[in-house]
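Residue strings, one per chain:
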Amino acid sequence: MLYLTLRQFEYVSAVAHSGSLSAAASQLNVSQPSLSVAITQVERRLARKLFIRRRGAPVELTDFGRDYLAQVEEIISLARQLDDPARNQRATAGRLTLGLFEDLAPLHIGRLLNALRSKLPGAEIRYRIADFETLARDMLQSRIDLAVTFDLGLDASFLRRPLASVQPHALMRVDDPLAGLRQVSLRDLGQRALILFEEGLSVRHVLGLFRRIGAEPVVRHRVQALEVMRSLAAHGDGIGITYAGSKSSCAYDGTPLASVPIAEDFAREPVILACPLDGAKSAILNPASQAIVEAFGHG
């Protein structure tokens, strides 16, 4: 016997995306107390908390809640397809433009394009690589259908679907005193000269991590490209901080490079699949989103 209903799954999804019970209740056309009771019933059934609910603060997903939300949305997507069997057939034709944040593109673009072409054999698949602000603007202006990015620079106009959680790394010379550590703390890095990306939201995010521990590090370089950061770090011209991991242990010029994970849990950043609210009804987006989620290992 199934104890949780599709309607309860829809409640979980709505609260996660709206960030508040009142907004979700309005969207679902139910009372806020009824919605709160329904969420509590789901959590009791699972014996785990999905949300952190604090008076006067936005509702936040727990780590378990993020993983559970991804599964819930797959079920909702499948239910919509079952409710309209012709939907899947219609979705295999048309055009899809995928956006990728510029630091994530080198790690994922080939795999994601292959996944989309396999899932949507009749569709024309395009892509655009850009910074946070450009991705957000182009999604709102219908030049990009959905984007793989970090959850920075997006407001309530967008639906978000978690794909992964990424730990930042500190890049440095191989003979740096910190290079031999299994993990390095932000406090260890707070007195070092940093190499950060030029992108404004990225810089503010990283510096915000240091402010949480009361540190104000010096930024020696701001770069556009990861390989420039890796080269400067490998030659000892500062500590690079990046969420874009790389399996290479050398900079582009062959100089050895150390990459050490940053220890603090609050520094982790979700990689998400985003699309504008008014584009979510497009028939091609459900199978495209499913293909991307599966490519990230959640299928």
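Residues numbered from 1 in each chain as written. Predicted model: local features only at pLDDT ≥ 70, side-chain atom pairs only at ≥ 80, totals over all residues. Heavy atoms only, no water.

Undergrad: Can you help me understand the packing of helix H6 (residues 105-119) against helix H11 (residues 285-295) in this one?
TA: In a packed pair of helices, the relevant descriptors are the angle between the two axes and the axis-to-axis distance. Closest axis-to-axis distance for the H6/H11 pair is 9 Å, and the angle between their directions is 135 degrees. Our classification of the angle between H6 and H11 gives oblique. Where H6 crosses over H11, the handedness of that crossing is right-handed. On the side of H6, the interface is formed by Arg 111, Leu 112, Ala 115, Leu 116 and Lys 119, while H11 contributes Pro 287, Ala 288, Gln 290, Ala 291, Ile 292, Glu 294 and Ala 295. Tallied by class, residues from the contact of H6 with H11 come to eight nonpolar, one polar and three charged. (Axes fitted to C-alpha atoms, helices over the stretch in contact; angles between N-to-C directions. Helix = DSSP H or I, 4+ residues; strand = E, 2+ residues; numbered from the N terminus. Parallel < 35°, antiparallel > 145°, perpendicular 65-115°, else oblique. Left-handed = near helix turned anticlockwise from the far one by under 90°. Contact = heavy atoms within 4.5 Å. Nonpolar A, V, L, I, M, F, W, Y, C, P; charged D, E, K, R; others polar.)

Undergrad: How should I be thinking about the pairing of strand E9 (residues 219-223) in this particular structure?
TA: For a regular strand, side chains alternate in direction, first toward one face of the sheet and then toward the other. As paired elements, strand E8 (residues 194-197) and E9 share four bridges and run parallel to each other. Its bridge partner lying in E9, Leu 196 is registered against Arg 222. Read as a crossover between parallel neighbours, the route from E8 over helix H9 (residues 200-211) to E9 is right-handed. (Pairing = 2+ DSSP bridges. Right-handed = clockwise from strand over helix to strand, strands pointing away.)

Undergrad: I keep staring at the pattern of salt bridges and nothing clicks. Help me out?
TA: Scanning the model with the defined rule gives 17 salt bridges in all. With a shortest N-O distance of 3.2 Å, Glu 10 and Arg 7 are connected by a salt bridge. Taken as a pair, Glu 10 and Arg 7 lie in helix H1 (residues 6-18) at a separation of three residues, close to a single helical turn. According to the relative accessible area criterion, Glu 10 is partly exposed, its value standing at 26%. The exposure class assigned to Arg 7 is partly exposed, which follows from its relative accessible area of 36%. A salt bridge links Arg 95 to Glu 124; its shortest N-O distance comes to 3.3 Å. (Salt bridge = Lys/Arg side-chain N within 4 Å of Asp/Glu carboxyl O. Buried < 20%, exposed > 50% of the residue type's maximum accessible area, 1.4 Å probe, protein only.)

Undergrad: What is the right way to look at the nonpolar core in this model?
TA: Counting residues in hydrophobic clusters, the biggest one holds 66 residues, and the most contacted among them are Leu 96, Val 148, Phe 150, Leu 189 and Ile 292. Setting aside chain neighbours within four positions, we find Leu 96 in contact with Leu 116, Leu 120, Glu 124, Ile 125, Arg 126, Asp 145, Leu 146, Ile 284, Leu 285 and Ala 288. Ranked by size, the runner-up nonpolar core spans 22 residues in total, among them Leu 4, Leu 21, Ala 38 and Val 72. (Core = buried A, V, L, I, M, F, W, Y, C linked by side-chain atoms within 4.5 Å.)

Undergrad: Just to check I follow, could you spell out the layout of surface pockets for this structure?
TA: Empty space left among the atoms is revealed by rolling a probe the size of a water molecule over them. Counted as a void, the largest pocket has a volume near 1,100 Å³. In terms of lining, the largest pocket is formed by 32 residues, of which the most central are Glu 60, Leu 61, Arg 66, Asp 151 and Pro 270. Counting only elements with at least two residues in the lining of the largest pocket, the list comes to H1, strand E1 (51-52), strand E2 (60-61), helix H4 (63-83), strand E6 (158-166) and strand E12 (269-276). In terms of residue count, E6 provides more of the lining of the largest pocket than any other element does, six residues in total. Of the residues that constitute the lining of the largest pocket, the class distribution is 16 nonpolar, six polar and ten charged. (1 Å grid on protein atoms, 1.4 Å probe; cavity = no way out; pocket = protein on both sides within 12 Å on 5 of 7 lines; lining within 4 Å. Points joined across faces, edges and corners; volume = space filled by probe spheres on them.)

Undergrad: Can you walk me through unusual backbone geometry in this structure?
TA: Leaving glycine aside, a negative phi is the common case for residues, and trans is the common case for peptide bonds. One non-glycine residue with positive phi stands out, namely Ala 47, at about 60 degrees. By secondary structure assignment, the location of Ala 47 is in the loop between helix H3 (32-46) and E1. Look at Ser 142: it is not a glycine, yet its phi comes out positive at around 65 degrees. Its location among the elements puts Ser 142 in the loop between helix H7 (132-140) and strand E5 (146-150).

Undergrad: Looking at this model, I keep getting lost on the packing of aromatic side chains. Mind explaining?
TA: Here a ring pair, both rings aromatic, is described through the centre-centre distance and the interplanar angle of the planes. In the structure shown here, the tally under the stated rule is four aromatic pairs. Ring geometry for Phe 64 versus Tyr 68: centroids 5.8 Å apart, planes at 20 degrees, classification stacked. Of this pair, Phe 64 and Tyr 68 both sit in helix H4, four residues apart, roughly one helical turn. What makes Tyr 68 buried here is its relative accessible area of 12%. Between Phe 101 and Phe 150 the ring centres are 6.0 Å apart and the planes differ by 70 degrees, which places this aromatic pair in the edge-to-face class. Pair noted here: Phe 101 is in strand E3 (residues 93-101) and Phe 150 is in strand E5, with a separation of 49 residues, a long-range link. There is no split in this pair, since Phe 101 and Phe 150 are both buried. The aromatic ring of Phe 296 is capped on one face by Arg 111, whose charged end is 5.3 Å from the ring centroid. The ring of Phe 266 is capped by Arg 212, whose NZ or CZ atom sits 4.1 Å from the centre of that ring. (Phe/Tyr/Trp six-rings, centres within 6.5 Å; stacked < 30°, edge-to-face > 60°. Lys NZ or Arg CZ within 6 Å of the ring centre and 35° of its normal.)

Undergrad: Looking at this structure, how should I read empty space enclosed by the protein?
TA: The final tally for this structure, using the stated rule, is one cavity of 30 Å³ or more. One number sums up the size of the largest cavity: a volume of about 110 Å³. Lining the largest cavity are 14 residues; nearest its centre among them are Phe 101, Asp 103, Phe 150, Ser 202 and Tyr 243. Only H9 and strand E10 (239-242) provide two or more residues apiece to the lining of the largest cavity. In terms of residues, the lining of the largest cavity owes the most to one element, H9, which gives three residues.

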